[in-house]
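Here is what each chain is made of, one letter per residue.
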Amino acid sequence: PTMGDTIRQFGKPQPRSLSSIIGGFKSAVTKQTNTLPNPSYEQKLWQSRFWDCIIRDDAELARIRQYIVDNPMKWALDKLHPDAETNKYNRAWRRPPRTPPPP
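It should be emphasised that the depicted structure is a prediction, and the values quoted were computed from it without experimental measurement. Starting from 1, residues in each chain are numbered consecutively following that chain's sequence as written. The predicted nature of this model means local features are confined to residues of pLDDT at least 70 and side-chain atom pairs, given and counted, to a pLDDT of 80 or more, with totals for whole chains, interfaces and linings taken over all residues. By convention in this description, side-chain values take in all heavy atoms of the structure and omit both hydrogens and water.

A.B. asks: Teacher, can you tell me more about the pattern of salt bridges here?
C.D. replies: Opposite charge on two side chains makes pairing possible when the charged atoms of those side chains draw close. Take a side-chain nitrogen of Lys or Arg and a carboxyl oxygen of Asp or Glu: if they are within 4 Å of each other, that pair is a salt bridge. Tallying each qualifying case throughout the model produces 1 salt bridge. Glu60 is paired through a salt bridge with Arg63; the nearest N and O atoms lie 3.9 Å apart. Remark: Arg63 and Glu60 occur in helix H3 (residues 58–70); sequence separation between them is 3 residues, near one turn of the helix. Summary of the burial criterion: residues with accessible area below 20% of their type's maximum are buried, those above 50% are exposed, and those between are partly exposed, where the area comes from a 1.4 Å probe applied to protein chains only. Exposure remark for Arg63: the relative accessible area of 52% places this residue in the exposed category. Labels follow the DSSP assignment, with helices taken as runs of H or I lasting at least four residues and strands as runs of E lasting at least two, numbered in each case from the N terminus.

Structure (structure tokens):
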């Protein structure tokens, strides 16, 4: 679906909503990053979507908090980690290993 399809279906994001706050943050960071001489990313800077949910009880809140604590430790095992072996998920953007500059 295009942005127009999404707007027709759901309407424009409301000011001061979670979506508009995240969109504004992502826009500001992207503009600032694009002013750097050599950006460290090669394709998209952001995921195209984010997931939000309604936390309905204390057990769900505890589970989500634990996920936030544990998830960064799993990054080294992720198939998109920069040190992961080349695979179907990272083949398109994988950079060759850096070579040190000549002496």
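Further notes follow.
A.B. asks: Looking at this structure, how should I read the side chain of Lys26?
C.D. replies: Along the polypeptide, Lys26 turns up in helix H2 (residues 18–33). Since its relative accessible area comes to 18%, Lys26 is described here as buried.

A.B. asks: Just checking my understanding: could you explain a nonpolar patch on the surface for this structure?
C.D. replies: Together, Phe25, Leu45 and Trp46 give the surface a local cluster of nonpolar side chains, amounting to about 280 Å² of exposed area. Mapped onto the secondary structure, Leu45 falls in the loop between H2 and H3. Its relative accessible area of 33% is what places Leu45 among the partly exposed residues. A patch consists of residues exposed above 30% relative accessible area that lack any salt bridge, with like charges linked at up to 9 Å and nonpolar side chains (Val, Leu, Ile, Met, Phe, Trp, Tyr) linked at up to 5 Å. Using the Shrake-Rupley algorithm and a 1.4 Å probe, accessible areas are obtained, with residue cover drawn only from the displayed protein chains.

A.B. asks: Would you mind showing me how to read the environment of Ser20 here?
C.D. replies: Mapped onto the elements, Ser20 comes out in helix H2. Only heavy atoms matter for contacts: two residues are in contact if any of them lie within 4.5 Å across the pair. Look past the residues within four positions of Ser20 in its chain and what remains in contact with it is Gln14 and Pro15.

A.B. asks: What should I look at first to understand the confidence of the model for the chain in this one?
C.D. replies: Close reading of the predicted structure is inappropriate where its pLDDT is low. On average, the chain scores 77 in pLDDT, and the residues at 70 or more come to 72%. The spread of mean pLDDT over the elements of the chain runs between helix H1 (residues 3–10), the lowest at 65, and H3, the highest at 92. Confidence per residue, as judged by the predictor, is encoded in pLDDT with a range of 0 to 100.

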